[in-house]
Amino acid sequence: MKTLITVMLKELVEIFRDRKIIINGLLVSPLLFPVLILGIGALAENRARTQLESELKLPVVGAEHAPNLVAFLATQNISAEPAPEDPEALIRNQDKDVILRIDAGYAEAWRESRAATVEILHDSSRQDSQIPVRRVERALQAYARQAGAVRLLARGIDPALGNAVAITYRDLATPEAKRGMLLAFLPYLLILTAFLGGAYLVMDATAGERERQSLEPLLATPAGRGAIMSGKIAAACVFGMIGLLLTLLSFKLSFAFVDSGPFRGVDVSLLAVAKLLLILLPMVLIGTTLLTLISASVKTLKEAQSYMAFLMLLPILPTIILMVNPVKNAAWMFATPFLAQNQLILMVLRAEAITPLQWAIYIGAGFGLGALLWFAASRLYHREALAISA
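Each chain has its residues counted from 1, following the order in which its sequence is written. For a predicted model such as this one, the threshold for reporting local features is a pLDDT of at least 70, and the threshold for listing and counting side-chain atom pairs is 80 or more; totals across whole chains, interfaces and linings nevertheless cover every residue. Hydrogens and water molecules were not included; the side-chain quantities draw on all heavy atoms of the structure.

A. Expanded view of the packing of helix α12 (residues 270-297) against helix α17 (residues 356-381). A fitted line through C-alpha atoms serves as each axis, taken over the contacting stretch for helices, and the angle formed by two N-to-C directions is quoted from 0 to 180°. Helix and strand definitions follow DSSP, with helices as H or I runs of at least four residues and strands as E runs of at least two, each counted in order from the N terminus. Close contact between α12 and α17 brings their axes to 8 Å; oriented N to C, the two are set at 20°. Viewed along their axes, α12 and α17 adopt a mutual orientation that is roughly parallel. For the crossing formed where α12 meets α17, the hand is left-handed. Under the scheme applied, nonpolar residues are Ala, Val, Leu, Ile, Met, Phe, Trp, Tyr, Cys and Pro; charged residues are Asp, Glu, Lys and Arg; polar residues are all the others, including Gly. Each residue belonging to the contact of α12 with α17 can be placed in one class, and the counts come to 21 nonpolar, five polar and one charged. Here the word oblique covers every angle except those under 35 degrees (roughly parallel), over 145 (roughly antiparallel) and from 65 to 115 (roughly perpendicular). Two helices crossing with the near one rotated counterclockwise from the far one by less than a right angle form a left-handed crossing, whereas a clockwise rotation gives a right-handed crossing.

And the structure:
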């Protein structure tokens, strides 16, 4: 234990001597992530409010065929613009979000009480066109319902007869759950911070020292190699936990000052922060032990750093999987690395209760995986080839 603490303090002293590492590792993320999230939220809210409340300029092809429809759209804050020469080109070139085309036979179909055709031109691959398209759709649907009711009344038929079933909606989603949906990308940032927070220290402490030929004298001491390795892992865990704690505290302070917008009311209590810290604690151990395993198996620091691009993709995999294939929480999920952290963080953000069984499965699986990686890394540390410089 004395050797472990001595090595841990040695690594921490060396890492805190480098001001650039301290700034990049402990200050940039805590300052950048809240600004990034709050900035994105403010931009999204401002864009949605602008597109929903401002007047929508809608180019209309064939407006002369349906003057009443054009007049109705004006009452919905949608004003018609002259018909463009090439509507498709305007949409493809992103000059217009949505264009309405009224069929030449609209007037005739209207007089014969048939369904008149209108066409909405848009590009579904563009997210910024979704709100304008929905506004036009809702306005057209309202006009169609109104006109249909008038036709039935003119024939002495109650329009309500066409509605055999009245559908109502009752949204049971809590405000916390809705905010959790908006913060769906936050787990990735937190998991990435915990997973790779001590990356530089742990890679430099093994691969870097091996390359600088300073690892061999340390391994030649009477101290056990397992204790030396554990000291380096402990130092990386401490460094990673400091960075993670600063990040969580910066989120707490940032959200505490939000009094409007989609992130207003996010739970940033000390209990919520403590839960997030406990959730991410096993990920800190898994990340540092995995990086130690990688660093002990390579010969240079650059070779160890080449794995970073792959490792940065691992935390985002659960987010991608859940986007294309949403699943309900099951016991096995809390034993799956990255997926477990993603689900538990979302549960905290949604103010959902985490059962003792879920905590037990997660803590046992998380620290169990960390122990396995530690054992594998210790085997590599006992190799004689590790003491040989590149």
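B. Structural view of the environment of Val 298. The topology assignment puts Val 298 in the loop between α12 and α13 (301-305). The spatial distance from the C-alpha of Val 298 to the C-alpha of Arg 210 is 9.4 Å, given a sequence separation of 88 residues. Dropping the residues within four chain positions of it, Val 298 is found in contact with Ala 207, Arg 210, Glu 303, Ala 304 and Tyr 307. Note on contacts: a residue pair is in contact if any heavy atoms of the two residues lie within 4.5 Å.

C. Geometry of the sheet that holds strand β3 (residues 98-102). Pairing is mixed in the open sheet, where four strands are placed in the order β2-β1-β3-β4. The strands lining the two open edges of the sheet, one partner per strand, are β2 (78-81) and β4 (118-122). Averaged over all adjacent pairs, the angle separating strand axes in this sheet is 35°, with direction ignored. Note that strand β1 (residues 56-61) and β2 share four bridges and pair parallel. The partner of Pro 59 across the bridge, within β2, is Glu 81. Its contacts with the sheet put helix α3 (residues 67-75) on β1, β2, β3 and β4, and the angle it makes with β2 is roughly 135°. With respect to the sheet, helix α6 (residues 130-154) is in contact with β1, β2, β3 and β4, its orientation differing from that of β4 by roughly 170°. At least two DSSP bridges between two strands are needed for those strands to be called paired.

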